[in-house]
Amino acid sequence: MAWQKVASFSEIGVDGVLGVDVNGSPVALYRLSNEVFATSGICTHALALLSEGFVEDGKIECPLHQGQFDIRSGKALCAPVTEDLRTYAVKLEGDDVFIDMERRAASAPAMANAAPNRKPEDGVRAAEEDNQAGIGKIAATNMDPELSLTKRYVWPTEGLTRIPDWVYTDQTIYEREIEKIFHGRTWNYVALECEVPKAGDFIRSNVGPTPVVVVRADDGSINVFENRCSHRAAEFCRELSGNVKEFVYPYHQWSYDLQGNLAGVPFRRGVNGKGGMPADFDNAQHGLRRLNVTTHRGVVFASYVRDMESLQDYLGPEVLKEFEATFDGRKPKLLGYYRHTLPGNWKLYHENLKDPYHATLLHTFLVTFGLLVAGNRSLMLADATGRHGVMASAKSERKSVSSDAKKEMRAYRDGMTLAEPRFMDFVEEFDSPWSVTMATIWPNLIIQREMNTLGVRQIVPTGPHEFIMKWTMFGFEGDDDEMIRHRLRQGNLMGPAGFLGLEDNEAIKFVQDGMQHVPGGQHLVKLDPAVAAGTSDSLISEASIRAMYQHWRAEMGL
């Protein structure tokens, strides 16, 4: 019998689990009240680390497939686990925890569950041998969290033509997206400059799910900082927009200037020589967390990364050209907002606008009135990285739609007319061959130009199964009254109840529902096999979606 000290009692949380390595073997230590138990640290089903699992009512639940084991005995309690865990004898001496790897816990059964088609004694031996064979590899793998992640989330062998459902439904994947994408090396859209025209003007915005404030300072600069007080973490800015001289945290009245610097701390020196902040407290060290900011043609972007490349380099020449075709140097003028929540994963909205295939089939208005029809002159552009894209089409007349195309497009409705014919008027005002463009700027912006109605859509993820969509509709300062009315009239195409948006919202919900309710699935993105991933001149293509996931996998390390 060889006792080994493996941990301190105080390291193990009450009703918690702690993973340790003992002579190259992963071991899980559990604390139930004032007792400690030890088992093999690897699930017998799929080699997941039990130290990342969940302890409840004397059971440990595997984090990978939710199999459960009894902590005291190691007994497998439910599917998919069928073989028991090996247990180890434990003793406490003061704060020290010792285990004996050669002796089972007193509460363990004499025999582990047998695997099918094995004698009981062979079952024990085989389970131990299988476990030992993988222990060195698993232990080495889990020394590196990045490698551990890649063992849990394995992409289908078919490559980019199949996407696993965990991309959209898994909480760990979502949290990694916040870290690697929204808070990573990206420029995130946060506002139009016309929303904060004067010193002190501000709006609330987001970078991923993180709330931020966009404010114009007295020197004319635009600043973006987290909407989180450095004292007790409260969101200090509660209004959606307004004008202020300073921001005051309502809980304890700490105040910040328009550049995010801490300006005032009530009772900093205490009262009557008692209390207050430490003597060495430095306001300059406790300002708000500021983001890197850039603007281009009236559009404001922010990043958590200080050494970001220029926005122009980030977009690349082709997407920048389309960006500047819409933001053409005229000053944007705010027209209004829509805001709503969608029950789906945030990436599905990017896919929706990189998927012209659905647009020719789902949207009655688009195909009936010739805005986006199979056979139109069109483009599905992807930049060199695959992260950005532009879906573009030139408006056609309904009579140009072939009878064969109409048979494929069930959404086409012969005889449908508009009560307001001016709705379809197209005033050529842009240096572009396209009447419709939808630019997807990674990770959170869609730039919409649908004939003469203009808007930006900001994606705000709130979890793997939901995101908020903020629509900001705009025109230009030089627009006359008739053009403003025309843009607003055509704006009925868009928004949560628009002639187009409603159908997309429902479709996204159906997709998310299907992935949640049939776990472990994957789906196809095989259209247009001649283009592996990237730009296509066909509307019947998913090449741009494949390009986006090529980039996503690289950023996520998957």
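(A) Layout of the packing of helix α4 (residues 171-182) against helix α13 (residues 543-556). For the pair α4 and α13, the least separation of the axes is 10 Å and the interaxial angle reads 85°. Classified by the interaxial angle, the pair formed by α4 and α13 is roughly perpendicular. Residue-level inspection shows Ile 173, Arg 176, Glu 177, Lys 180 and Ile 181 of α4 in contact with α13, the latter providing Trp 552, Glu 555 and Met 556. Residues belonging to the contact of α4 with α13 are distributed by class as follows: 4 nonpolar, no polar and 4 charged.

(B) Broad picture of the sheet that holds strand β16 (residues 247-248). On the basis of which strands lie adjacent, the open sheet formed by 3 strands has the order β16-β17-β18 and antiparallel pairing. Among the strands making up the open sheet, the edge pair consists of β16 and β18 (262-264). Relative to β18, strand β17 (residues 255-256) runs antiparallel, the two being bridged by 2 bridges. Bridge pairing links Tyr 256 to Leu 262 in β18.

(C) Up close: the nonpolar core. Ranked by size, the top nonpolar core spans 71 residues in total, and within it Tyr 349, Tyr 549 and Trp 552 carry the most contacts. Ala 217, Phe 236, Phe 247 and Leu 258 belong to the second largest nonpolar core, which has 17 residues in total.

(D) Structural context of the layout of surface pockets. Each pocket or cavity is described by its volume, and for the largest pocket that value is around 780 Å³. Lining of the largest pocket is provided by 25 residues; of these, Pro 63, Leu 64, Tyr 153, Trp 166 and Asp 170 occupy positions nearest its centre. Residue assignment for the lining of the largest pocket shows that the elements contributing at least two residues are α2 (145-152), α3 (166-169), α4 and α12 (501-517).

Thresholds applied
Residues numbered from 1 in each chain as written. Predicted model: local features only at pLDDT ≥ 70, side-chain atom pairs only at ≥ 80, totals over all residues. Heavy atoms only, no water. Axes fitted to C-alpha atoms, helices over the stretch in contact; angles between N-to-C directions. Helix = DSSP H or I, 4+ residues; strand = E, 2+ residues; numbered from the N terminus. Parallel < 35°, antiparallel > 145°, perpendicular 65-115°, else oblique. Contact = heavy atoms within 4.5 Å. Nonpolar A, V, L, I, M, F, W, Y, C, P; charged D, E, K, R; others polar. Pairing = 2+ DSSP bridges. Core = buried A, V, L, I, M, F, W, Y, C linked by side-chain atoms within 4.5 Å. Buried < 20%, exposed > 50% of the residue type's maximum accessible area, 1.4 Å probe, protein only. 1 Å grid on protein atoms, 1.4 Å probe; cavity = no way out; pocket = protein on both sides within 12 Å on 5 of 7 lines; lining within 4 Å. Points joined across faces, edges and corners; volume = space filled by probe spheres on them.

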